[in-house]
2 protein chains.
Amino acid sequence: MRIGEVAAAVGTTPRTIRYYEEIGLMPGTAGREPGAHRTYSEDDVEQLREVLRLKGLLGLGLDELAELVANQEARRTLREEFRSATTSPARRTRILVELDAIVDHQLELVDRRRAQLDQLDAELRERRGRIAARLEELSEGAARA
Amino acid sequence: MRIGEVAAAVGTTPRTIRYYEEIGLMPGTAGREPGAHRTYSEDDVEQLREVLRLKGLLGLGLDELAELVANQEARRTLREEFRSATTSPARRTRILVELDAIVDHQLELVDRRRAQLDQLDAELRERRGRIAARLEELSEGAARA
DNA sequence: CTCCAACCTTACGTGAACGTAAGATAGAGA
DNA sequence: TCTCTATCTTACGTTCACGTAAGGTTGGAG
């Protein structure tokens, strides 16, 4: 796929994709003739989607996202090696353990944020509960009058 | 309280507070002599805390935060009127209904974000589950060998 | 009243994250 | 092969959210 298609597919702009390449969030110049068009695989697109998603949801900056991207790339490499027929079971096991650690890390980030939102949500609901209670009181007072 | 105290109390800087005033996220110049020191109430501090919190958790920009702040100020005004002895029960009811709507709106924002995080969380957990399953398979295979 | 730290205003600087414009080029289709 | 259209590189522009520096003022402690 070319950059314009990818941009349209994930809902962003070519400029953003190039920028992400510039700061290391996208595949980069590996084996591309200077001036040649960029081409992307389906996996690249998927990775970009995840990056944009995490950026939006967690509000991460380039440095933090870079860490996650490194993990994403590690995931891809490991998955490929895992799928290879020549990989030994022992090696497969180590790959899986590593993949597990990566996912764990992402889950930790997500869960931390989720906990904070839960806290806020609970506080808002309590506030709403108090308002409802006062409304009850008021309507009872009106009924007695 | 003065600006430095407030900044320290909520973990930010005087500059940020002045900036928030500039863009309408903080009380402003109402009745302050030009050049005089800014003073803040406990309520102001609390409002600032909420703004910073929502900014951090939801990643909102000035415009979206401004909406929430308008609501915060409405909340304060309404609460004060509610506490006044001269307010009629009918008026109190209307105030409560309005407050309820405000909190509802905030809850909506928070819940939407929470749902997205839940979705991501579920996906990550499923991914982890698949990895665990494959590890199972591998160890079983090793046991049979 | 005096002093001085904390504050004031004004204004320019900064980093992140792109937008936009210009001129040259690549590469898929007729 | 020729033709466009999407891409390319380069580079300056922009908005947001503050940081920082300069020179003057406020206002509470002593």
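Attention here is on the structure that accompanies the text. These numbers come from a predicted model, not from an experiment. (Residues numbered from 1 in each chain as written. Chains lettered and ligands numbered in written order. Predicted model: local features only at pLDDT ≥ 70, side-chain atom pairs only at ≥ 80, totals over all residues. Heavy atoms only, no water.)

Let's talk about the packing of helix α5 (residues 89–144) of chain A against helix α3 (residues 42–58) of chain B
Move 1: Contact pair α5 of chain A / α3 of chain B: the axes reach a minimum separation of 10 Å and the direction vectors enclose 135°. As summarised for this structure, α5 of chain A and α3 of chain B are arranged oblique, according to the angle between their axes. Two packed elements cross with a definite hand, and for α5 of chain A against α3 of chain B that hand is left-handed. Only Glu50, Arg53, Leu54, Gly56, Leu57 and Leu58 of chain B of α3 of chain B make contact with α5 of chain A, whose side of the interface consists of Arg113, Gln116, Leu117, Gln119, Leu120, Glu123 and Arg127 of chain A.
Move 2: When its residues are assigned to classes, the contact of α5 of chain A with α3 of chain B shows 5 nonpolar, 3 polar and 5 charged. (Axes fitted to C-alpha atoms, helices over the stretch in contact; angles between N-to-C directions. Helix = DSSP H or I, 4+ residues; strand = E, 2+ residues; numbered from the N terminus. Parallel < 35°, antiparallel > 145°, perpendicular 65-115°, else oblique. Left-handed = near helix turned anticlockwise from the far one by under 90°. Contact = heavy atoms within 4.5 Å. Nonpolar A, V, L, I, M, F, W, Y, C, P; charged D, E, K, R; others polar.)

Re the protein's contact with DNA strand C
Move 1: The immediate surroundings of DNA strand C are formed by 20 residues, with Thr13 and Tyr20 of chain A together with Arg18, Arg32 and Arg38 of chain B found nearest.
Move 2: Among the atoms of DNA strand C lying within 4 Å of the protein, the sugar-phosphate backbone contributes 79%.
Move 3: Residue Thr13 of chain A places a side-chain N or O atom 2.8 Å away from a phosphate oxygen belonging to DNA strand C.
Move 4: At 2.8 Å, a side-chain N or O of Arg32 of chain B approaches a phosphate oxygen of DNA strand C.
Move 5: Listing elements by their share of the surface near DNA strand C, those giving two or more residues are α2 (14–22) of chain A together with α1 (3–10) of chain B.
Move 6: With 4 residues, α2 of chain A is the largest single contributor of residues to the surface near DNA strand C. (Near = heavy atom within 4 Å. Polar contact = N/O pair within 3.5 Å; in protein donor to acceptor, adjacent residues only side chain to side chain.)

A few points about the side chain of Arg32 of chain A
Residues and elements named next belong to chain A.
Move 1: In this structure, Arg32 sits in the loop between α2 and α3 (42–58).
Move 2: Side-chain polar atoms of Arg32 contact the backbone oxygen of Ala36, separated by 3.0 Å.
Move 3: Apart from residues no more than four positions distant in its own chain, Arg32 is found in contact with Glu21, His37 and Arg38.

Thoughts on the packing of α3 of chain B against helix α4 (residues 62–83) of chain B
Residues and elements named next belong to chain B.
Move 1: In contact at an axis separation of 11 Å, α3 and α4 are set at 150° when each is read in the N-to-C sense. Our classification of the angle between α3 and α4 gives roughly antiparallel. For the pair α3 and α4, the crossing hand works out as right-handed. Across the interface between the two elements, Asp43, Asp44, Gln47, Glu50, Val51, Leu54 and Lys55 of α3 pack against Leu65, Leu68, Val69, Gln72, Glu73, Arg75, Arg76 and Arg79 of α4.
Move 2: Tallied by class, the residues present in the contact of α3 with α4 amount to 5 nonpolar, 2 polar and 8 charged.

Side note on the interface of chain A and chain B
Move 1: Each partner contributes to the interface: chain A provides 38 residues, whereas chain B provides 38 residues.
Move 2: In total, about 3,800 Å² of surface goes out of reach between chain A and chain B, with carbon and sulfur atoms giving 67% of it.
Move 3: Remark: the boundary between chain A and chain B carries 12 salt bridges.
Move 4: Among the ionic pairs, Arg125 of chain B bridges to Asp111 of chain A, the shortest N-O distance being 2.8 Å.
Move 5: The tally of links between chain A and chain B comes to 14 residue pairs in polar contact (both at pLDDT 80 or more).
Move 6: Mapped by element, the contributors of at least two residues to the side of chain A that touches chain B are α3, α4 (62–83) and α5 of chain A.
Move 7: Ranked by residues supplied to the side of chain A that touches chain B, first place goes to α5 of chain A with 30 residues.
Move 8: In terms of residue class, the side of chain A that touches chain B is made up of 17 nonpolar, 5 polar and 16 charged. (Buried area = accessible area lost by both parts, 1.4 Å probe. Salt bridge = Lys/Arg side-chain N within 4 Å of Asp/Glu carboxyl O.)

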